[in-house]
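# Descriptive structure summary
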Amino acid sequence: MMPTGYFLDHLWLIPLFPLATAALMLLAGRRLPKAGVSVLCVGSVGFSFIYAAGAVRQLLSAEPEHRVAQQILFEWLTPGPMQMTGGHAIRFVADWGFLLDPLSCVMVLVVTGVGFLIHVYSVGYMAHEGGYYRFFGYMNLFMFAMLTLVLANNMLLMFVGWEGVGLCSYLLIGFYFLKKSASDAGKKAFIVNRIGDAGFILGILLTAVTLGAIRFTSQGLPDAEGASGILQALKAAVEAHALASGAPVLTGIALLLFVGAIGKSAQIPLYVWLPDAMEGPTPVSALIHAATMVTAGVYMVARMNPIYRLSPFAMDVVAVVGVVTAIFAASMALVQNDIKKVLAYSTISQLGYMFLALGVGAFAAGIFHLMTHAFFKALLFLGAGSVIHAISGEQDVHKMGGLWDKIPITAKTFFVATLAIAGIPPLAGFFSKDEILWRAFEKHPALWFVGFVTAGMTAFYMFRLVFLTFFGYSRADEHVEKHVHESPPTMTVPLIILAALSVIGGWSGSARFEKFLEPVLSRAGAETEAVSAAQQATTMEYVLMLASIAIATGGIWLAYQFYRTKRIAPELVASKWPLVYKLLFHKYYVDEIYDAMVVNRTKDLGSALGVFDARVIDGAGVDGAGWLARFGSTLSMWWDKWIIDGLLNLGAKMMQLFSYPVRYLQTGLFSSYAMLILVGLVVLLAYYGHHVQVLLRSVR
Amino acid sequence: MLPIGHYLFLSLALFIIGVIGVVTRRNVIVVLMSIELILNAVNINLVAFSRLYGDVAGQVFALFIIADAAAEAAVGLGIIIAFFRNRETVLADEMDLLKW
C-alpha cells in the first residue's frame, strides 16, 4: 500500500514557501517594515516545517518497505534514448520531482526544524543590523535550495539545490560585503566549492552514461517507469553480470561524487574555505556552515550508497579521508582563539566522523551523527552568537571570561551542547559518535584509534572554550563589561529548544535509527552484514564505549587543569614544543601552502596569459589587424584623392579653362545685355533680311 | 489720309529714341520710360497697318499692349522701389550683382 495524503501530494510546497518569500524579499523587501519581513520569512520556514512534518507523518503510516513517496511535477530534461554498454537502450530522464523516503525524512526535518529555530533566533540577532530584508531573503533562498537538494528525486535536481546552497553560502558569507575579509571569504568558499562541484558534475555524467538513469529510485512511480532509477538499473546490471562489485567505472563514479562531497562538506584537502566562512553573520554559520549545507556531502554519499557499496576501494578512501580530516581539524581547534573558528574546525572534524561512518559502511550511523550534530553544533554556534552579542562583538576567547552568571541561559545551553559534542552520556553526541567508533573498530582498529584520540581532543578543545568563555575572571574592557546582557527571548528560546534536542536527540538509539533508515540504506546489494550485528551489543562494544567516555572525561579533566585550576600553564606547554604550537596555531600553514602552490601559481598563469593577451592577441593580432586596416585605408585614400577625385577635378579644371574667356560677357549690367540683344537683332536682320522681305511679300 | 510712310517714320523715330534710352541711360526709371516709348512705337505701327488693311485685329492688339504696358510699369516700379530700399540706388550700372 503506497502512502498517500494531503501533505504527500503537496511535497512541492515545502521548498516553495521559502522561495516565495525569498523572491518577495529580494524584489520588494526594502519597502517592507521589519516586522513584516520577520513574520513573512520566519513564517514561511515554519510552514515548510509543518508541511514537512505532516508529510513525514503520512509516510510513516505505511509499512516500512513501502515508505517511499515520489512526486514528479514535470519532466525537465528528456534526452533521446541512450545506447547502453550492455546493448539495451534506456531513456534517461531528469524531472523536477520530489522524493520522500526515510533518509530524506531525516534531512527535511532537520533542515526545516533547525532552520526554523535559527530563523527565529536571527530575528533577535539581526535586529540592529542593516540589510535585514536582504539577510532574510538570502536565508529563505538558502532554505529553498537546501530543501530542493534533500527532496530531489534525481541527481541533476539535487545538483540544482547543491549549487543553490553554494550561491547562498557565498552571498551570506559576504553579507558584510564592505569588509574586505568577508567578501574574500565568500569568494574563497565559492571557488573552492567549484573544484568539488566539477567532480560532482563528472560523477553525474558518468552515472548517466553508465547506468542510463539519474533518478535515485523508481519506487513510488507508475510501473511504466520501470527501470528508470539508479537503484533498479544497478540491480539489473549486477544481475546481468554487466557490472560487478569493484568495477572500475563504479569506483570512478564513487570517487568523483566524493570529490563533490569533499568540497561541500569541507574535507581534506578542500576544507580551507570553512574556517574563513565564519566571516558571515553567526546565524549563517549555524545554519549553513554547521547544521545543514556542509552536511549535504554526507547526505549525497549516503543517498548514493548503492554505488558506494559496490566499490570497496572508494569506501576505504571515504573512511580514510574522513578520519584524517577529523583528527587534523581537531588538532587545529586546540589552539584557536576565535570562538567561531574553534567551532568551525570542530565542524570539519565532526564531518570527518560522518565520512568515517559512511566509509566503513555504517551509513545510518553517519546520518545519525549528522542529525545529532545539527542539533548541538547549531546550538553551539547560536550560543557563540549570543555571547558575541552580549560582549559587543568580541570573538577572542582571551577577552571573555566570567560570563556564567551574566548570561545564564546562553551559558547553560552552551554547556549542554559542549557535553553533547564531547560524547558524555546520555546526551545526543554520545550515542552517534560511539556508534561510529564501534563500527570503525569493526572495520579496522587503526580507524577506531584515530577517531578515539579525536574524541579526546574534541572534549579538550570544547571545554577549553567553555572555561575560557564562561569561567574565571572577566578579561573584557570595562565599558564592554558594563554592557554585558542576556539576549532577548527570540534568541534564548531557540537555544533552549536546541538544548533539549541535544539532550534527547540520541535517545532513539542508533539501532532503531538504523532500522528506520534500512529501506533506503541497505537495499542495494545482498550484503547487509552489519545490520544484524549492530542490533546485538557485544562485550567489545561496551569496552569501547567505556573507553570513549574515559577519554572524553580525560580531555575535560585536562582542559580543567589547563584553563580552570591553572595547574598546568598553557604558555609553558606551548613554549616547550614551540614548533608544534606554531604549526597548529598557523593551521599547518595549509593556506600559505595553497597560496604558494595553487593560488599564486594560478595568478602567475593569469598574468602570463595577460601578457600573452597584451603582446600576442592585442599586439600582433588586434593591433596588427588595425595597422593593416590603416595601411589599406591609406592606400585607398591616396587612390581616392589622386585618381578618382583627380579625374573629376581635371574635368572641372578643363571646364573652368574653357569658360574663362566667355565669362566676361556676363557683366551683370542689363544695359549691356540690352545692347547685345540689339546688336544681335541687327545682325540677324541683316543676315536674314531678304527672307523677311520674301515673307512679307507672300503675305501681301 | 496720310500715306503709311509717315506713320512708319514716326514709329521708327520713337523706337530708336526708346532703344537709345534703354541702352544708354543710367537711371532705371528713365529706362522704364524708354521701354514705354518702344511699346508705343509698336502700337503706332499696329494701328497704322490696321487702318491701311481695314483689319481691326491690329487695334485689338494695340489695346492689349497698352494694358500690358500699364502692368509692366507697375511691376517695374515696384521692383525699383524694393531695390532702392535695399541698395539706396536706382542707377543701372550699380546693379551688377548677377555676374560671374
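Residues numbered from 1 in each chain as written. Chains lettered and ligands numbered in written order. Predicted model: local features only at pLDDT ≥ 70, side-chain atom pairs only at ≥ 80, totals over all residues. Heavy atoms only, no water.

## Some details on the overall build of chain B
- In terms of regular secondary structure, chain B is built from three helices and zero strands.
- Secondary structure elements of chain B occur, N-terminal to C-terminal, as α-α-α.
- The C-alpha radius of gyration computed for chain B amounts to 17 Å, which surpasses the reference 13 Å derived for 100 residues by more than 25%, pointing to a less compact arrangement than a globule.
- Over its C-alpha atoms, taken along the principal directions, chain B stretches across nearly 50 × 25 × 25 Å.
- Here chain B, with 100 residues, has 26% of them falling under the buried criterion. (Helix = DSSP H or I, 4+ residues; strand = E, 2+ residues; numbered from the N terminus. Rg over C-alpha atoms; globule rule 2.2 N^0.38 Å. Buried < 20%, exposed > 50% of the residue type's maximum accessible area, 1.4 Å probe, protein only.)

## A look at the overall build of chain A
- Along its length, chain A carries 28 helices and four strands.
- Each principal axis of the C-alpha distribution contributes one length, and for chain A these read about 160 × 75 × 50 Å.
- Here chain A holds 700 residues, and the buried ones make up 50% of them.
- The contacts of chain A with a sequence gap of at least 6 include a subset with a gap of at least 24, amounting to 80%.
- For chain A, the separation between the mean place of its 47 positive charges and that of its 42 negative charges on side chains is 10 Å. (Contact = heavy atoms within 4.5 Å. Lys, Arg positive; Asp, Glu negative; His and termini not counted. Charge placed at Lys NZ, Arg CZ, Asp CG, Glu CD.)

## Topic: the interface of chain A and chain B
- Each side of the interface is counted separately: chain A has 13 residues, and chain B has 13 residues.
- Around 1100 Å² of area is buried between chain A and chain B when both sides are counted, 69% of it from carbon and sulfur atoms.
- The largest contributions to the chain A side of the interface with chain B come from Gln666(A), Leu669(A) and Phe670(A), which together make up 39% of the buried area.
- Applying the counting criterion to the chain A and chain B interface returns zero salt bridges.
- At the boundary of chain A and chain B, one finds zero residue pairs in polar contact (both at pLDDT 80 or more).
- Partitioned by chemical class, the residues of the side of chain A that touches chain B number seven nonpolar, four polar and two charged. (Buried area = accessible area lost by both parts, 1.4 Å probe. Salt bridge = Lys/Arg side-chain N within 4 Å of Asp/Glu carboxyl O. Polar contact = N/O pair within 3.5 Å; in protein donor to acceptor, adjacent residues only side chain to side chain. Nonpolar A, V, L, I, M, F, W, Y, C, P; charged D, E, K, R; others polar.)

## So, unusual backbone geometry
Residues and elements named next belong to chain A.
- With an omega dihedral of 5°, the bond running from Ile268 to Pro269 counts as a cis peptide bond.
- A cis amide bond links Pro425 to the next residue, Pro426, at an omega of 5°.
- Not every positive phi belongs to a glycine, and Ala266 is a case in point at roughly 55°.
- For Ala266, the position within the fold is in the loop between helix H9 (248-264) and helix H10 (273-276).

## Thoughts on the confidence of the model for chain A
- Looking at chain A, pLDDT values average 88 and 95% of them are 70 or higher.
- Note on residues 523-535 of chain A: pLDDT is under 50 here. Beyond four places in sequence and across chains, it has 23 contacts. (pLDDT = per-residue confidence, 0-100.)

## Notes on the nonpolar core
All names here are of chain A.
- Membership of the largest hydrophobic core comes to 188 residues, with the highest contact counts inside it found for Leu100, Val150 and Tyr308.
- Take this core: its biggest share by element is 18 residues, from helix H16 (residues 363-390).
- Sequence-distant contacts of Leu100, defined by excluding residues within four places in its chain, comprise Leu8, Leu11, Ala55, Val56, Leu59, Arg67, Val68, Ala69, Cys105, Val108 and Leu151.
- Ala319, Leu356, Val360 and Leu544 belong to the second largest nonpolar core, which has 17 residues in total. (Core = buried A, V, L, I, M, F, W, Y, C linked by side-chain atoms within 4.5 Å.)

## Structural notes on helix H18 (residues 428-443) of chain A
Residue and element names in this part refer to chain A.
- For H18, built from 16 residues, the straight-helix expectation of 22 Å at 1.5 Å per residue is met to within 8% by its first-to-last C-alpha distance of 24 Å.
- Within H18, twelve of the 16 residues are buried, which leaves it mostly tucked inside the rest of the structure.
- Those residues of H18 lying buried are Ala428, Gly429, Phe430, Ser432, Lys433, Asp434, Glu435, Ile436, Leu437, Trp438, Arg439 and Ala440. (Expected span 1.5 Å × (residues − 1).)

## Some words on the pattern of salt bridges
All names here are of chain A.
- Under the counting rule described, the total for this entry stands at 15 salt bridges over all chains.
- Here Arg194 and Glu163 are joined by a salt bridge, their closest N and O atoms 2.5 Å apart. Taken together, the residues span a long stretch of sequence, with Arg194 in helix H7 (residues 180-211) and Glu163 in helix H6 (residues 155-173) at a distance of 31 residues.
- For Glu163, a relative accessible area of 22% translates into the label partly exposed.
- Asp276 is the salt-bridge partner of Lys188, the closest N and O atoms lying 3.0 Å from each other. A residue pair is termed long-range when its members are at least 10 positions apart, and Lys188 in helix H7 and Asp276 in helix H10 qualify at 88 residues.
- Asp276 sits in the partly exposed class, given a relative accessible area of 22%.

## Some words on the layout of surface pockets
Residue and element names in this part refer to chain A.
- Taken as a whole, the largest pocket encloses approximately 840 Å³ of empty space.
- If you go around the largest pocket, you meet 29 residues; those closest to its centre are Val335, Phe460, Phe562, Tyr563 and Val573.
- Broken down by secondary-structure element, the contributors of at least two residues to the lining of the largest pocket are helix H19 (445-470), helix H24 (539-563), helix H25 (570-576) and helix H26 (578-585).
- Looking at side-chain class alone, the lining of the largest pocket contains 19 nonpolar, six polar and four charged residues.
- Its boundaries defined by the atoms lining it, the second largest pocket holds a volume of some 670 Å³. (1 Å grid on protein atoms, 1.4 Å probe; cavity = no way out; pocket = protein on both sides within 12 Å on 5 of 7 lines; lining within 4 Å. Points joined across faces, edges and corners; volume = space filled by probe spheres on them.)

## So, the packing of aromatic side chains
- Counted by the stated rule, this structure contains 40 aromatic pairs over all chains.
- Its guanidinium or amino end placed over the ring of Tyr132(A), Lys34(A) lies 4.9 Å from that ring's centre, counting from NZ or CZ. (Phe/Tyr/Trp six-rings, centres within 6.5 Å; stacked < 30°, edge-to-face > 60°. Lys NZ or Arg CZ within 6 Å of the ring centre and 35° of its normal.)

## As for the side chain of His373(A)
All names here are of chain A.
- Here His373 shows up in helix H16.
- Classification of His373 as buried rests on a relative accessible area of 0%.
- Setting aside its immediate chain neighbours within four residues, His373 contacts Ala290, Thr347, Gln350, Met354 and Ala378.

## Regarding the packing of helix H15 (residues 339-359) of chain A against H18(A)
Residues and elements named next belong to chain A.
- In the contact formed by H15 and H18, the axes pass within 9 Å of each other and the chain directions differ by 45°. When the interaxial angle is binned, H15 and H18 end up oblique. Helix-helix and strand crossings are classified by hand; for H15 and H18 the assignment is left-handed. Residues Gln350, Tyr353, Leu356 and Ala357 of H15 form the contact with H18, whose own contacting residues are Lys433, Ile436, Leu437 and Ala440.
- Along the lines of polarity and charge, the residues of the contact of H15 with H18 split into six nonpolar, one polar and one charged. (Axes fitted to C-alpha atoms, helices over the stretch in contact; angles between N-to-C directions. Parallel < 35°, antiparallel > 145°, perpendicular 65-115°, else oblique. Left-handed = near helix turned anticlockwise from the far one by under 90°.)

## Focus on the packing of helix H4 (residues 102-125) of chain A against helix H22 (residues 510-521) of chain A
Residue and element names in this part refer to chain A.
- Direction vectors running N to C along H4 and H22 enclose 120°, while the axes themselves pass 7 Å from each other. Viewed along their axes, H4 and H22 adopt a mutual orientation that is oblique. Contacts from Pro102, Leu103, Cys105 and Val106 of H4 reach H22 at Phe513, Phe516, Leu517, Pro519, Val520 and Leu521.
- A class-by-class count of the residues in the contact of H4 with H22 yields ten nonpolar, no polar and no charged.

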